[in-house]
Amino acid sequence: MAGLEQPDTAIADWIIERLPACGIDRASQLAVTGLLHGLTEERRDRMARRLLEALTGHDDLHLLAFLRVLPFGPKTWGLADELNGAIARRYWETIPSVWCRDVGEATTAAERLLAVGRSCAAFQALEFFLEAVPIPLLLQVLTAVLHTSEPPETIRQHEAYHIGEALTRLAAAPSVDDDAVITLEFNFWPLLRHHGDGSQRIHQRMARDSAFFIDLLRWVHKADHGTGEGVPDKRDARKHAFDILFDWRHVPGTQADGNMDEQAFAEWVKQALSMAAEQGLERAAQSRIGEVLAHAPADADGLWPCSAIRDVLDHPDHDVMREGLRCGLFNKRGVTSRSLDEGGMQERGLAAQYRGWADGLATSHWLLAEVLNDLANGYDRQAKSEDITAAKNCEE
C-alpha cells in the first residue's frame, strides 16, 4: 500500500487503481479517503489536481468516485464544477457526508443539495449552524423537507432536537409569515411538542383566533375534514391536532407582559362556544377550554383565578368546562418524588392552597369553589394514604 512518504506520482497511481472499487467496496473507499485526509492540505490540493488531470478521458464513474473520496468542502465542489454538469449534479445527488465547517459552507451546501431534491441532506448540512443560517433559507429547507419524496428512513435520521431548534427560531422571527410557520409546526408537531419554551405560533394563534381553535377540534372529532396541504395522511393530521390541543397552555387573552385582557378573553370564549355549538362540538370545546384555564394567572390580590375567568367557569351551563378545569389542575402537577418517610406533606400543602381559594370564592362563585374544594378533599385523602405508606417504610 502506498504510504504518506511516497512521492505524489506513486500515491496518485495507487488511488487511480482503486477508484473503480470505491463505489462498491466500503473498505477501498475508506482506505483512499483515509490516505487523502492524512495528507497536508497543500499536498492534498496538489494531489487532487494531479488526479483530475490523470483522469481526463476516463468515464464518469471514475470521475464521480474521485470526487466522493475527497473531503466535502468548497475546493472539492469547485473541482466538480470544472467537470461536466452531469457529473457535478450526480456528485450532489449521491454524496453521503454533508458535514460543514462553518455557516458559509453549510449555506452553500444546503442550496446545492436543495437544487437536486435532497432537502433532508440540506437540513443536515445546516443543523449545527441554525442560529446563523439566513431565515429565508431555513424556511425554504424545512418547507422542502415537509414535501420531500425522499425515503422515510432519510427523514428519520434527523434529530428531533435540531428540527425543534429550527422551528423555534422561525417562530421567533417576525419576518416569517404566520401561516407558513403554523403549517410547519402542525406537520412537525411530533418533533416539536417536547422542545421549546411554549412560544410556538400555533398555540398563540389558538389563543387569539377562536375559529382556528374550533378548526383543530374538527380535525379531532369530525371525519369530514379534508386533507390539508402537506398532510398526506388524514389519520396523521388528526393525531397532530389532538396533540396540539393537549399541549396547549396559552390562555386566551393573555398579553405579552403576562396580564389578562379580560374583555378579549370573554369575547374569545363567547365566539368559540358559539361556533362549537353550531358544529356539535360544544362539549369538546368546553372540556379543552377548561383544561387550558388550569394555567390561568391569579388576580392581583392573589386569589385564583382572575375575575374574568372565574365568571366564565362559574356559569351554570359550563359544567363540562369545570370538569376540564379539574382534569387540567390535576395533570398540571405532573410527576412527583419524595423521600421514603416524607408522607403526605406535599398533598397537604396543595389541599390548603385549593381550600384557601375555594373559601375566597364561596360566596361569589360557588360552583367554581365546589370544584376547588373537591380537589382539596382529594389531596387530603391522598395525604393520608402517603402517611400510611411512609409509616410502613419506617417500620421495615
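Please refer to the structure higher up on the page.
About the cut-offs
- Residues numbered from 1 in each chain as written.
- Predicted model: local features only at pLDDT ≥ 70, side-chain atom pairs only at ≥ 80, totals over all residues.
- Heavy atoms only, no water.
- Helix = DSSP H or I, 4+ residues; strand = E, 2+ residues; numbered from the N terminus.
- Expected span 1.5 Å × (residues − 1).
- Buried < 20%, exposed > 50% of the residue type's maximum accessible area, 1.4 Å probe, protein only.
- Contact = heavy atoms within 4.5 Å.
- Phe/Tyr/Trp six-rings, centres within 6.5 Å; stacked < 30°, edge-to-face > 60°.
- Lys NZ or Arg CZ within 6 Å of the ring centre and 35° of its normal.
- Polar contact = N/O pair within 3.5 Å; in protein donor to acceptor, adjacent residues only side chain to side chain.
- Axes fitted to C-alpha atoms, helices over the stretch in contact; angles between N-to-C directions.
- Left-handed = near helix turned anticlockwise from the far one by under 90°.
- Nonpolar A, V, L, I, M, F, W, Y, C, P; charged D, E, K, R; others polar.
- Salt bridge = Lys/Arg side-chain N within 4 Å of Asp/Glu carboxyl O.

Colleague: What is the right way to look at helix α20 (residues 319–332) in this model?
Modeller: Residues that lie three or four places apart on an α-helix share one face, since the helix turns once every 3.6 residues. An ideal rise of 1.5 Å per residue puts 20 Å on 14 residues; α20 measures up with 20 Å between its terminal C-alpha atoms. All of the buried residues in α20 are Val320, Met321, Arg322, Gly324, Leu325, Gly328 and Leu329. Among the structural elements, α17 (262–278), α18 (282–292), α19 (307–313), α21 (345–361) and α22 (366–395) are those in contact with the buried residues of α20. Following α20 by one or two positions, Gly334 adopts a phi angle in the positive range, close to 75°.

Colleague: For this particular structure, what's the right way to read the packing of aromatic side chains?
Modeller: Each aromatic ring pair is summarised here by two numbers: the centre-to-centre distance and the angle between the ring planes. In the structure shown here, the tally under the stated rule is 11 aromatic pairs. Between Phe72 and Trp77 the ring centres are 5.1 Å apart and the planes differ by 65°, which places this aromatic pair in the edge-to-face class. An identical accessibility class is assigned to Phe72 and Trp77; each is buried. Geometrically, the ring pair formed by Tyr91 and Trp92 is edge-to-face, given 5.4 Å between the ring centres and 80° between the ring planes. Following the ring pairs from residue to residue traces out a cluster consisting of Phe72, Trp77, Tyr91 and Trp92. When the ring centre of Phe212 is taken as reference, the NZ or CZ atom of Arg205 above it lies at 5.4 Å.

Colleague: Would you mind going over helix α12 (residues 178–187) with me for this structure?
Modeller: Most of α12 is tucked away: seven of the 10 residues are buried. Measuring from the backbone nitrogen of Asp179 back to the side-chain oxygen at the start of α12 gives 3.1 Å, which picks out Asp177 as the cap.

Colleague: Sorry if this is basic, but what is going on with the packing of α20 against α22 here?
Modeller: For any two helices packed against each other, one specifies the inter-axial angle together with the distance between the axes. Their axes nearest at 10 Å, the elements α20 and α22 cross at an angle of 35°. Considering the relative orientation of α20 and α22, their crossing is right-handed. Taking contact as the criterion, the partners of Arg322, Leu325, Arg326, Leu329 and Phe330 in α20 are, on α22, Leu367, Leu368, Val371, Leu372, Asp374, Leu375 and Tyr379. Looking at side-chain class alone, the contact of α20 with α22 contains nine nonpolar, no polar and three charged residues.

Colleague: Teacher, can you tell me more about the pattern of salt bridges here?
Modeller: When their charged atoms lie close together, side chains carrying opposite charge are able to pair. Enumeration over the complete set of coordinates arrives at 19 salt bridges. The salt bridge partner of Arg90 is Glu93, with a shortest N-O separation of 3.4 Å. A residue pair is termed a helical-turn pair when its members lie 3 or 4 positions apart in one helix, as Arg90 and Glu93 do in helix α6 (residues 85–94) at three residues. The exposure class of Arg90 is partly exposed, given its relative accessible area of 42%. Assessed through its relative accessible area of 29%, Glu93 is described here as partly exposed. Between Arg205 and Asp179 there is a salt bridge whose closest N-O contact spans 2.7 Å.

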